[in-house]
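A look at the structure
The lines below spell out each chain.
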Amino acid sequence: MIDQILEDIKPKRKVLILTHNNPDPDTMAAALGMKFILSKTLKKRCTIAYQGLVGRAENRELIKTCVIDMHPSTKLNFNRYDYLIVVDTQPKAGNVYIPDGFKADVVIDHHNFRATTNQIKLHDVRPKAGSTSTIIVEYMKHLGIVPDTKTATALYYGIKTDTVGSGRSSNSQDLEMMSYIFPQISLTKLTKIESPELPRYYYKNMRKALDYAEILDNIIFCNLGEVRNADLIAETSDFLLRMRDIKWTFVVGKIDNHGYFSLRSKSARMKVGRIAMSLVKGLGTGGGHMKSAGGQINLESKNYDEVAEIIKLRLLKRAGFKGEDIKKV
Ligand SMILES: [Mn+2]
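Residues numbered from 1 in each chain as written. Predicted model: local features only at pLDDT ≥ 70, side-chain atom pairs only at ≥ 80, totals over all residues.

As for the overall build of the protein
Within the protein, the regular secondary structure consists of eleven helices and 13 strands. Relative to the 2.2 N^0.38 estimate, which gives 20 Å for 329 residues, the radius of gyration of the protein is 19 Å and therefore close to what a compact globule would have. By sequence separation, contacts in the protein at least 24 residues apart represent 63% of the contacts at least 6 residues apart. (Helix = DSSP H or I, 4+ residues; strand = E, 2+ residues; numbered from the N terminus. Rg over C-alpha atoms; globule rule 2.2 N^0.38 Å. Contact = placed C-beta atoms within 7 Å.)

Written out as C-alpha cells, the structure is:
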C-alpha cells in the first residue's frame, strides 16, 4: 500500500496529515511517522493538523519531547493543500474535522472499516492491527527506512499505549514492529513521556470522579459533567477500571456543546467498540476496539443530562442490570 501512496503523492505539492480530534499518542505518532516517510522518500514537507485539545499530561509531554509540530485544523486554509491523509480514524467516524468540499486522498486506520471509506482513493484499514503506528512502522520496514530517535520514540509509545500499555489487545505484528524501532528509541525520552508532572486539575477531576462514580454490579458509571478537556474522561475511565471486581467503566462528560464518553472493559470479549456505537445510536457517533471505545454527541439541540441518562439506561440494559443496587465508591 505504501508504494501506491508514494506514487500517488509524487506529483503533489503540499500534503496535509490529519489526526483524529483530541489526538492520542497513536494518531500523533502515526502522523509524525508518515511525515518522516514522506520527507525521506519524496523530500516532501507536510503539515500535521488536529482539532480539539491535548489534555493528558503524557500526551503533552510526547509533543514536547518528540517535537511534534501540529496545527489546529479549524484555523487552516485547506485550499493550500492538494493532498489529504487521515490517520487513526476515518472521515465519517465523527472524530475528524474535514471542511465541506474537501475529501481525504488516503486513510490509514485500525478501527473497524466504515463502508463510506470505500469512497476514498487509497485506504489501508486493518482492524487486526493493534495501532495505526504499527502500520506506519511496517511501511518503514518495507521501505528500508530507519526512523530518527524522536520519531521512533513517538511510534514506540504510540504502539505501546494502544496495545500492551493499556492491557488492550496486541498481536505478534505489533510486537515485531516495536522491536524493529526499539534500537532507535531513547529510553530517557520515553521515561519523561511516561511520568510527567500532573496539573492540579487532574487531581481535582479525580476527586470529582470518586464522588460521582456509581458502582452497578461490575460496572462503574460516572457522569463528570463539565470537564476541562476530553482526555480527562478517558483518564477517569482508565483510573476507575483498575478497581477490583469491576469489569467495565463508562464515563461521560461535557465540553461546550459536545458530550463525550469513554467505555472500557477488562476483557476483549466485550468488543466495546461495537457496544459504543449502539449506545449512542441516534444521538451521536461512537467506536473503538475490543477493550476501549469512545464517542461524541453534538448537544446543540439536546440536553446533556438527559442524554447522559439515556446512555446510562442503555448501558444497564445491555449489561442486564436492573438498576436496583447502586453503590458509591
Ligand atoms: Mn489508534
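Overview of the packing of helix 8 (residues 200-212) against helix 9 (residues 231-241)
Where helix 8 meets helix 9, the axes come as close as 11 Å, and the angle between the chain directions of the two elements is 55°. The angle between helix 8 and helix 9 places the two elements in the oblique class. Two packed elements cross with a definite hand, and for helix 8 against helix 9 that hand is right-handed. Contacts between helix 8 and helix 9 involve Asn205, Met206 and Ala209 from the former and Leu232, Thr236, Phe239 and Leu240 from the latter. Within the contact of helix 8 with helix 9, the residues separate by chemical class into five nonpolar, two polar and no charged. (Axes fitted to C-alpha atoms, helices over the stretch in contact; angles between N-to-C directions. Parallel < 35°, antiparallel > 145°, perpendicular 65-115°, else oblique. Left-handed = near helix turned anticlockwise from the far one by under 90°. Nonpolar A, V, L, I, M, F, W, Y, C, P; charged D, E, K, R; others polar.)

A short note on helix 6 (residues 172-181)
Those residues of helix 6 not exposed but buried are Asp174, Met177, Met178 and Ile181. One face of helix 6 carries all of its buried residues, which in axial projection span an arc of 105°. Of the residues in helix 6, the exposed ones pointing more than 90 degrees away from the buried face are Ser172 and Ser179. (Buried ≥ 20, exposed ≤ 12 C-beta atoms within 10 Å, placed from the backbone. Arc of directions from axis to C-beta.)

Observations regarding the pairing of strand 4 (residues 83-87)
Of all five residues that make up strand 4, five are buried, and the element is covered over most of its length. Alternating residues of strand 4 divide into Tyr83, Ile85 and Val87 and Leu84 and Val86, and every residue in both groups is buried. By the bridge criterion, four bridges tie strand 1 (residues 15-18) to strand 4 in an arrangement that is parallel. The residue of strand 4 that forms the bridge with valine 15 is tyrosine 83. Pairing analysis gives three bridges linking strand 4 to strand 5 (residues 106-109), with the strands arranged parallel. Bridging across to strand 5, isoleucine 85 finds its partner in valine 106. (Pairing = 2+ DSSP bridges.)

Looking at the nonpolar core
In this structure, Ile17 and Ile85 are the most contacted members of the largest nonpolar core, which totals 52 residues. Sorting elements by how many residues they give to this core places helix 2 (residues 25-42) first, with nine residues. In contact with isoleucine 85, not counting residues within four places along its chain, are Val15, Ile17, Leu18, Met34, Ala104, Asp105 and Val106. Counting residues in hydrophobic clusters, the runner-up holds 34 residues, among them Ala209, Phe250, Ala276 and Ile297. (Core = buried A, V, L, I, M, F, W, Y, C linked by C-beta atoms within 7 Å.)

Observations regarding unusual backbone geometry
For asparagine 22, which is not glycine, the phi dihedral falls at a positive 45°. Positive phi, normally seen in glycine, also occurs at aspartate 217, with a value near 55°. Residue aspartate 217 is classed as partly exposed on the basis of its 19 C-beta neighbours within 10 Å.

Some words on the sheet that holds strand 5
Here we have six strands laid out as an open sheet, ordered 3-2-1-4-5-6, and parallel in their pairing. A single partner strand is all that each edge strand has here, and the edge strands are strand 3 (70-72) and strand 6 (122-125). Neighbour-to-neighbour, the strand axes of this sheet turn through a mean angle of 25°, independent of strand direction. The strands touched by helix 1 (residues 2-9) are strand 1, strand 4, strand 5 and strand 6; relative to strand 6, the strand with the most contacts, the crossing angle is about 150°.

Re the domain arrangement of the protein
Examined at the domain level, the protein breaks down into domain 1 (2-194) and domain 2 (200-328). Of the residues assigned to the side of domain 1 that touches domain 2, the class counts are three nonpolar, ten polar and two charged. (Domains from an automatic or database assignment.)

A word on the packing of helix 2 against helix 5 (residues 149-162)
Orientation of helix 2 relative to helix 5, taken along the N-to-C sense of each, is 145°, at an axis distance of 8 Å. Here the hand of the crossing between helix 2 and helix 5 comes out left-handed. Residues Pro25, Asp26, Met28, Ala29, Ala30, Leu32, Gly33 and Phe36 of helix 2 lie in contact with helix 5, whose contacting residues are Thr151, Ala154, Leu155, Tyr157, Gly158, Thr161 and Asp162.

Some remarks on the pairing of strand 12 (residues 292-298)
The buried fraction of strand 12 amounts to six of the seven residues, a majority that puts the element mostly inside the structure. Bridging between strand 10 (residues 258-265) and strand 12 involves seven bridges; their strand directions are antiparallel. Bridge pairing in strand 12 places phenylalanine 261 opposite glycine 295. In terms of strand pairing, strand 11 (residues 285-288) meets strand 12 through four bridges, oriented antiparallel. By the bridge assignment for strand 12, glycine 286 is matched with glycine 295.

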